[in-house]
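Letter by letter, the chains look like this.
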Amino acid sequence: MTTVLGRVVATERRPNTPHEFHFWTALDSPVGIGTIVRVEGATPVNGALPVAFGVVTEGFGYTDLDTPLHDVLGHDGQPGSAHQSPTRRTEIRLYTAAVLRHVPEEPLQPVGMGTVHLADDADVAAALRMDGYAFGENKTAIPVGLYRAGATSSPVHLDADFLLGPEAAHLNISGVSGLATKTSAVEWLLASIFAHFPEKKGRVAAVCFNVKGPDLCFLDQPATRLDDSDRALYETLGVPAEPFQNVHYYAPYTARGYALNTLRSNEALAHNVHPLTWGLREVLQFAEVLLNKDDIDAKADALIDFIKERVVDQPFSDSVLEHDHTVQSFGELEGWFRDLLHGMEAKNQESWRTHHVATIRKVRNRLTNISTRCRGLVTDDGTVSDLPFGAFEDRAVYVVDVANLEEDAQDLIFARIVSQLRERLESRTLGVDHVVVFVDELNKYAPSDGPDTYVRAMLLDIAERGRYLGLVLFAAQQFRSQVHRRVVGNCGTALFGRMDPDELATPGYATLSPATRTKLSTLEKGQLMVRHPHFTQPVFVRFPRPAVLSGREGVEKFPQALEQTLESAVTRALRVLDPSVTLDWVKESIALAEEDEVIRARNKTQMAKPEDVKSYFRSQLKRRVAPKSTESRARVAPLKSSPPDDPYSF
Amino acid sequence: MAPAADGAGAVGVTAVGVTAVGVADVLRALRAAPGAPEGGWRLETTGAPSLERMALEMEPPRLEAALPIEGEALSYRVLDAEPLAGFHAFLDGIQSTRVLQYLPGGVPLIFGTVAAVVRERRDRELHTWNGEPDLSTRVYVPTALTPAEHLRTFDAAGIPVHDTLDGADASDGQHPQLLLTLARTAVQRERERLETSLAERWCATRDQSVYVDGGISGAGLAARSPHAVGVVKSHRTLYASGDGVGVITRLRAGQRTTAFEIRSARRTAVASWYLRLRDGGDPMFALVRIEVARDTFTAERADEVSRWVLAERTPLALPDQRWHTMAYGIADCERYLRAIAP
């Protein structure tokens, strides 16, 4: 029997209901907003004393004063004299709690009078209905944090079936920037999932889109600032306090094509950083991501479909064309367009296969422009370096760094990767059974207003149907109110860090009590409010600092590589495959080659990963005859010059 | 705890560990009993206010000469020293009555509740001394005018009954208003009994001062104790004559009169003086009369006790209308008793 903390009270003006009750406590009781309490009823119902669990949502304190003026009068307007009163005014601490659970559940009655106790571990488990999934052989519990109140310190678990599907799925995180909420919480929760997701539920991996700065660039590096309290939290929650063991980074090249466009460019970390490049085939499937409705009318759409179905990746000939084409890259597509338009001009044709020349020119302009707009990601030559779809590894993290890319390129990457994940999960050929897709700045990709975009439609699709496939969206944003309602509405679990008061004033937070909103706006680092399908009310938990190096510390510890020359970029890329590659060797090898040719050779070598890197690389460069010095030629004796006075000389 | 009056306890309600009979218990017992009046037993709701609210005849204000014991005649003294917290506890009681029913002949059947408590001050907070108050609930009836079956019903239900006629014969009947007055007096005496009992127990077991609401001259042994200090807020009897009245009415805040002795045949002699707590236009505003045991009186003690009472001016006892004379500790006693009384 725990100590009595308070007593339930109810008045006609403020009655108790089945979902809310009131209680008072001593002034020094360890009760606060978010505290979970147990009420032991005094009157048996159906022969059993009812027990109710609640979480404190509001607190009141007042005295027996009718008006503050009476206190002013009582102290002659001198606030400093209050301590001289021999008696302290009677004061009350009155709390309102939202019911988490009734035991027994039926009949559902208003909470009756009774004693109030601080919830212990078992109470917390019962109150949050964790007793159904956090214990036993078939447990599906994923620790999300530690609930603390008074002397109680209880782990709070999410149900994997409701976090990663199939019952419910998806997670949404809100919080102001810079207070270790969103990214830290996701890093912590992924670690927890990897540590606790039951093996019999299948294999799980994560694909994280790094959309800003170096946030997710050092997930495989250990944290430098874990203190004892963090380690204790990790131990209590059963999660190893160590960085992710299996992380792969993907980033497109910069526009120049020398280096990868990522802040994880330090050579010491290059071993698991891979290029992300796509060719025509990959991009054409998602042309609508990059082409807005103004670009694509029905006629243009028809031509694009024709190109996709009849031109790309197959021999194509036509009487208008000067020669046959096999289009496999943007460069070859441009050649095809040029040949076609030239042929039409030569034959003075205004249309070709029902497509008007203006439509052809427009589509040519828009499609060939893609490789320019997404330079670094989209290659003219069709080189493809992609995520290992089909060979995803269990408990692996795949980070796609799109932080430094243009919006178009970001959208294209997101759309294609998610589509691939979806297709592979549908066909069970991804390599894992569940994929967590983490997207930050969700309000940018799935805004509540603005035009319909391909990416938003895709996010809606994941949110509404992804759980059946094992495609789980973990999304974060600063302002939840600015995200499409159907996206956040389909997230079974929601985490809230410190919130902006203006955001809390929006209608989406109206169900929270003013005190809870106030607490949300003043949450410390490492604190979260959690909503989960099993919890009838949100609860507050504390989680440890991530065991991985933060982005800010990472860029200090692993400074970004300096702007590279072509030679050094190639050296670095090849050295990952063959450490014997030196800068001098590369300089000698590419001395006569064009820049595009060198980059193409490097990309092909990276894709092929040959045993003999040097030979393979050199074989990708055009053979050239070595220049010979003109000085080595035999000198021919000059002709004798004419006499100065020769009138016929030149 | 008040003595379980006349076998009370078989029926009751619980409030902070106190078991007492409530109005509902009485009505329940009566409904189950034979001899119900026409229309059945019911709570009288019309024309039957609480007796405390009835405009009962009261003694007219009067002056009464008292024997000076500090100087030759009543005069005033200025308290130079600052107020000082000296009380360790506060004692007060409450009473309430309800007319349950008028029996044939206009005989009132009255339910009375009285309670008294000592609220002890520890670390500037007030706590109930001994953990609970003294409480008494009874039915007040003139037994000679009450049908025998009703009395048997009360007895069977364990409801204590107080005879307001105190055994006197009333075979010729009584005026209903006189019966109400008798009931009110009986309830008041019961309250005084509880308060006296509490004050005596405090003084017998504690050697610290208790602030008693009202006079202490009727408080039995407490009236002789150095630990009981009575503070009287109402002044229908002003203990002064001639120039003494002016001395009292012209007192300024922090001034007291010289002391005098109050003696009566049925009460214990006490030393008393007037003290002005606050300045105001009304001659009786913030005026209290303090009583201490006669044998303990000295001028220095009067000054010291006056400083104690002055210290209790804060916190204000607002919103009580008597805030200008009432100590916060006494207001707390009343609030506590009203919260727990059935």
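Keep in mind that what you see is a predicted model, and the values were worked out from it rather than measured.

Rules used throughout
- Residues numbered from 1 in each chain as written.
- Chains lettered and ligands numbered in written order.
- Predicted model: local features only at pLDDT ≥ 70, side-chain atom pairs only at ≥ 80, totals over all residues.
- Heavy atoms only, no water.
- Pairing = 2+ DSSP bridges.
- Helix = DSSP H or I, 4+ residues; strand = E, 2+ residues; numbered from the N terminus.
- Axes fitted to C-alpha atoms, helices over the stretch in contact; angles between N-to-C directions.
- Parallel < 35°, antiparallel > 145°, perpendicular 65-115°, else oblique.
- Left-handed = near helix turned anticlockwise from the far one by under 90°.
- Contact = heavy atoms within 4.5 Å.
- Nonpolar A, V, L, I, M, F, W, Y, C, P; charged D, E, K, R; others polar.
- Patch = residues over 30% accessible without salt bridge, like charges linked within 9 Å, V, L, I, M, F, W, Y side chains within 5 Å.
- Areas by Shrake-Rupley, 256 points an atom, 1.4 Å probe, with all protein chains shown as cover.
- Salt bridge = Lys/Arg side-chain N within 4 Å of Asp/Glu carboxyl O.
- Lys, Arg positive; Asp, Glu negative; His and termini not counted.
- Charge placed at Lys NZ, Arg CZ, Asp CG, Glu CD.
- Buried area = accessible area lost by both parts, 1.4 Å probe.
- Polar contact = N/O pair within 3.5 Å; in protein donor to acceptor, adjacent residues only side chain to side chain.
- Buried < 20%, exposed > 50% of the residue type's maximum accessible area, 1.4 Å probe, protein only.
- Core = buried A, V, L, I, M, F, W, Y, C linked by side-chain atoms within 4.5 Å.
- Domains from an automatic or database assignment.

Student: Explain the sheet that holds strand E2 (residues 20-25) of chain A to me, and be specific about the residues and the numbers.
Tutor: Residue and element names in this part refer to chain A. The antiparallel closed barrel is built from 6 strands, whose spatial order is E1-E2-E5-E4-E3-E6. Recorded for the sheet is a direction-independent mean angle of 40° between the axes of neighbouring strands. Both strand E3 (residues 36-41) and strand E4 (residues 51-63) contribute to a ladder of 5 bridges, which runs antiparallel. Along E4, the bridge assignment pairs glutamate 40 with valine 51.

Student: Can you break down the packing of helix H9 (residues 330-346) of chain A against helix H10 (residues 357-373) of chain A residue by residue, with the values?
Tutor: All names here are of chain A. The interhelical angle for the contact between H9 and H10, taken along N-to-C directions, is 160°, at an axis separation of 10 Å. One element, H9, and the other, H10, form an angle in the roughly antiparallel class. In the packing of H9 onto H10, the handedness of the crossing is left-handed. Along the contact surface, H9 presents Phe330, Leu333, Glu334, Phe337, Arg338, Leu340, Leu341, Met344 and Glu345, while H10 presents Val357, Ile360, Arg361, Val363, Arg364, Leu367, Thr368, Ile370 and Ser371. Taken together, the residues that form the contact of H9 with H10 break down as 11 nonpolar, 2 polar and 5 charged.

Student: Can you tell me about a negative patch on the surface, naming the residues and giving the values?
Tutor: A cluster of acidic side chains, namely Asp380, Glu594, Glu595 and Asp596 of chain A, defines a negative patch on the protein surface. Along the chain, the position of glutamate 594 of chain A falls in the loop between helix H19 (583-590) and helix H20 (595-608).

Student: Lay out the interface of chain B and chain A with the relevant residues and their values.
Tutor: Accessible area lost upon the coming together of the parts is a frequently used measure of interface size. Contacts between the two partners involve 16 residues from chain B, matched on the other side by 14 residues from chain A. Between chain B and chain A, roughly 1500 Å² of surface is buried when both sides are summed, and carbon and sulfur atoms account for 49% of that area. Considering only the surface of chain B that becomes buried against chain A, Arg124, Leu318 and Tyr328 of chain B emerge as the three largest contributors, covering 40% of it. Inspection of the region where chain B meets chain A yields 3 salt bridges. Arginine 88 of chain A is the salt-bridge partner of glutamate 125 of chain B, the closest N and O atoms lying 3.2 Å from each other. The interface formed by chain B and chain A includes 11 residue pairs in polar contact (both at pLDDT 80 or more). Those elements that place two or more of their residues in the side of chain B that touches chain A are strand E8 (125-128) and helix H6 (328-340) of chain B. Looking at the side of chain B that touches chain A, the element that brings in the most residues is H6 of chain B, giving 3 residues.

Student: An account of the environment of threonine 137 of chain B is requested, with residue identities and associated values reported.
Tutor: Residues and elements named next belong to chain B. Within the fold, threonine 137 resides in strand E9 (residues 134-141). Its relative accessible area of 4% is what places threonine 137 among the buried residues. Linking threonine 137 and proline 160, residues 23 residues apart in sequence, is a C-alpha distance of 7.6 Å.

Student: So what's going on with the pattern of salt bridges? Which residues, and what values?
Tutor: Evaluated as defined, the whole model comprises 59 salt bridges over all chains. With a closest N to O distance of 3.7 Å, glutamate 524 of chain A and arginine 542 of chain A form a salt bridge. Of this pair, glutamate 524 of chain A sits in the loop between helix H16 (514-521) and strand E21 (527-531) while arginine 542 of chain A sits in strand E22 (residues 539-542), and the two are 18 residues apart along the sequence. Residue glutamate 524 of chain A is classed as partly exposed on the basis of its relative accessible area of 46%. Relative accessible area serves as the criterion here: at 23%, arginine 542 of chain A is assigned to the partly exposed category. Three or more residues are tied together by salt bridges with common partners; here these are Asp64, Asp71 and Arg89 of chain A together with Arg119, Asp332 and Arg335 of chain B.

Student: With reference to specific residues and values, describe the environment of valine 103 of chain A.
Tutor: All names here are of chain A. Within the element layout of this structure, valine 103 appears in strand E5 (residues 91-103). Its relative accessible area of 37% is what places valine 103 among the partly exposed residues. C-alpha of valine 103 to C-alpha of alanine 48: the two residues are 55 residues apart in sequence and 9.5 Å apart in space. Setting aside chain neighbours within four positions, we find valine 103 in contact with Leu49, Pro50, Val51 and Phe53.

Student: Outline the packing of helix H8 (residues 298-311) of chain A against H10 of chain A, supporting the account with residue identities and numerical values.
Tutor: All names here are of chain A. Put simply, H8 and H10 touch, their axes get as near as 10 Å, and they point 65° apart. Accordingly, the angle class assigned to the pair H8 and H10 is roughly perpendicular. The element H8 and its partner H10 pack so that their crossing is right-handed. Note on element contacts: H10 touches H8 through Thr359, Ile360, Val363 and Leu367, opposite Lys299, Ala300, Leu303, Ile304 and Ile307. Residue composition of the contact of H8 with H10, by class: 7 nonpolar, 1 polar and 1 charged.

Student: Provide a residue-level description of the pairing of strand E7 (residues 107-122) of chain B, including the pertinent values.
Tutor: Residues and elements named next belong to chain B. Burial runs high along E7: 15 of the 16 residues are buried. Where strand E6 (residues 89-103) meets E7, 14 bridges bridge the pair, whose relative direction is antiparallel. The residue bridging glutamine 95 from the neighbouring strand is valine 114, located in E7. Hairpin geometry of E6 and E7 is characterised by an intervening segment of 3 residues between the two adjacent antiparallel strands and by a positive phi of about 90° at glycine 105. In the sheet, E7 pairs with E9 via 7 bridges, with the strands oriented antiparallel.

Student: Describe the nonpolar core, with residues and values.
Tutor: Residues and elements named next belong to chain A. Core analysis: the biggest nonpolar cluster contains 80 residues, and Phe209, Ile307 and Trp336 have the highest contact counts within it. Three or more residues apiece are contributed to this core by two domains, here domain 2 (156-270 + 387-554) and domain 3 (281-373). Apart from residues no more than four positions distant in its own chain, phenylalanine 209 is found in contact with Leu216, Val400, Ile413, Phe414, Ile417, Val418, Val437, Phe438 and Val439. Membership of the second largest hydrophobic core comes to 70 residues, among which are Leu128, Ala134, Leu171 and Val530.

Student: An account of the pairing of strand E18 (residues 434-439) of chain A is requested, with residue identities and associated values reported.
Tutor: Side-chain positions along a regular strand alternate between the two faces of the sheet. Residues and elements named next belong to chain A. The buried fraction of E18 is high, at 6 of 6 residues. Burial along E18 is two-sided: the face carrying His434, Val436 and Phe438 and the face carrying Val435, Val437 and Val439 are both buried. Strand direction decides the pairing type here: E18 and strand E19 (residues 471-477), joined by 5 bridges, are parallel. Residue pairing in the sheet places phenylalanine 438 in a bridge with phenylalanine 474 of E19.

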